[in-house]
Amino acid sequence: MRAVAWIDDRLRMIDQRQIPFETETIDYEDYAEVARAITDMVVRGAPAIGVSAAYGMALAARQSAATDVPALLRDLATAAGVMKAARPTAVNLAWAVDHVMDVARSDRFTTPNAIRAAILDEAHRMAEDDVRTNKQIGQYGAALIKDGDTILHHCNTGFLATVDYGTALGIIRTAHEQGKHIHVLLDETRPRLQGARLSAWECEQLGIPYDIIPDTAAGFYMRRGEINVVMFGADRVAANGDVVNKIGSYQIAVLGHENGIPVYSAMPISTVDLTMPDGDEIPIEERDPAEVRAPYGCEIVPAHFHARNPAFDVTPAHYLNGLVTECGVVLPPFTENLRKTVESKK
Ligand code: MRU
């Protein structure tokens, strides 16, 4: 089963809030419901929300009663605004919606139904492209992992975070499939626990040896020499190579650097945003503090206690040894090499 799939003319998504206890899916026929599912994190992970948004736009086109092209484009522009507002940080979301809008506006299509069909085709193409891309990232990244390595991984970057296969966890999966004897330490990733709940569930299914560790234990294992490589994903990469990713990525990158351990971030080129000169320009989502006070309803402190909940942080590029993309591993100097890599993809 894929995290995101088009089945029987509906968008079907695994409800990631239920994993690892239940594997339930929800079907969507309404684009506004898809946007809500992205906000509520039924689906999460930068590539997965990008493709979900593209399918959401296909639903919006179908929901529109427009009988001429200008009217349909107006309805789609409204839907695009709703979709893009669902989560602000991962650029894949806006990238996918803008891309679909470009297709819709193309003068190749002269009827509303032609546009509706073209948007759905484009969403399918994006979904298949994501899977192919992830497998390429896996091949390039696995070359950075040696037999016997222990990898520290943050958040969830596996098949649930993408359409299938995954990025950083896809690299780990590829190394495992290549027969390398590896072990993964999975940061639990507070407050939503994507590492403990989702990455551990994926490792269970794939037979990859792992241990969940408290986020606070990463430095402990690094100093003991038990971690060889640090790997995480990305929600947006700035032109200078700064990586915005799940909250807590920054601290493990600094710790890895301090301990002489290579630190890699993995992402499709669609996650690179060359319009952002550095990571500090990228909007960081602040989520409901209730997620900190009572993760998944498990009350840690009374509801009136004060809390803050930034969902992402910025890892400055100089803490990173490389950026693993479908076009290869981008090495420093990132500003120059990232631009060249993005251009080569075009
Ligand atoms: O808040 P989330 O769970 O959507 O955050 C996900 C991450 O930060 C991932 O590391 C990132 O999207 C890369 S997933 C391939």
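Calculation rules
Residues numbered from 1 in each chain as written. Predicted model: local features only at pLDDT ≥ 70, side-chain atom pairs only at ≥ 80, totals over all residues. Heavy atoms only, no water. Helix = DSSP H or I, 4+ residues; strand = E, 2+ residues; numbered from the N terminus. Polar contact = N/O pair within 3.5 Å; in protein donor to acceptor, adjacent residues only side chain to side chain. Pairing = 2+ DSSP bridges. Axes fitted to C-alpha atoms, helices over the stretch in contact; angles between N-to-C directions. Contact = heavy atoms within 4.5 Å. Domains from an automatic or database assignment. Buried area = accessible area lost by both parts, 1.4 Å probe. Salt bridge = Lys/Arg side-chain N within 4 Å of Asp/Glu carboxyl O.

Before going further, it helps to examine the side chain of Glu-202. Within the secondary structure, Glu-202 is located in helix H7 (residues 194-206). Polar side-chain contacts of Glu-202 include one of 3.0 Å to the backbone nitrogen of Leu-160.

Another point: the sheet that holds strand E10 (residues 263-266). Paired through backbone hydrogen bonds, the strands of a sheet run either parallel or antiparallel to each other. Read across the sheet, seven strands follow the order E6-E5-E4-E7-E10-E13-E14 without closing on themselves; strand pairing throughout is mixed. The open sheet terminates on both sides in strands that have one partner only, identified here as strand E6 (210-213) and strand E14 (328-330). If you compare each strand with its neighbour and ignore which way they point, the axes differ by 25° on average. Here strand E13 (residues 322-325) pairs with E14 via three bridges, running antiparallel. Looking at the pairing, Val-324 lines up with Val-329 of E14. Those strands touched by helix H6 (residues 168-177) are strand E4 (150-153), strand E5 (183-187), strand E7 (229-232), E10 and E13, and its axis lies near 160° from that of E4. Packed on one face of the sheet, H7 meets E4, E5 and E6 and runs near 160° to E5.

Moving on, we come to the domain arrangement of the chain. Here the chain is described as being made up of domain 1 (4-134) and domain 2 (137-345). Just the C-alpha atoms count here: the centres of domain 1 and domain 2 sit 25 Å apart. Opposite the 30 residues of domain 1 that make contact, domain 2 presents 37 residues. When domain 1 packs against domain 2, close to 2700 Å² is buried across both sides, 55% of that on carbon and sulfur atoms. Sorting the residues of domain 1 by area buried against domain 2 places Arg-44, Thr-89 and Asn-134 first, and these three jointly supply 24% of that buried surface. Counting across the domain 1 and domain 2 interface gives one salt bridge. Where Arg-87 meets Glu-285, a salt bridge forms, and the shortest distance between an N and an O atom there is 2.9 Å.

Moving on to the sheet that holds strand E11 (residues 272-273). Taken together, four strands build an open sheet; the order of strands is E11-E8-E9-E12 and the sheet is mixed. The sheet is open, and its two borders are formed by E11 and strand E12 (312-315), each paired with just one other strand. Of the pairings in the sheet, the one linking strand E8 (residues 236-238) to E11 comprises two bridges and is parallel in character. Among the inter-strand pairings, Val-237 is bridged to a residue of E11, identified as Val-272.

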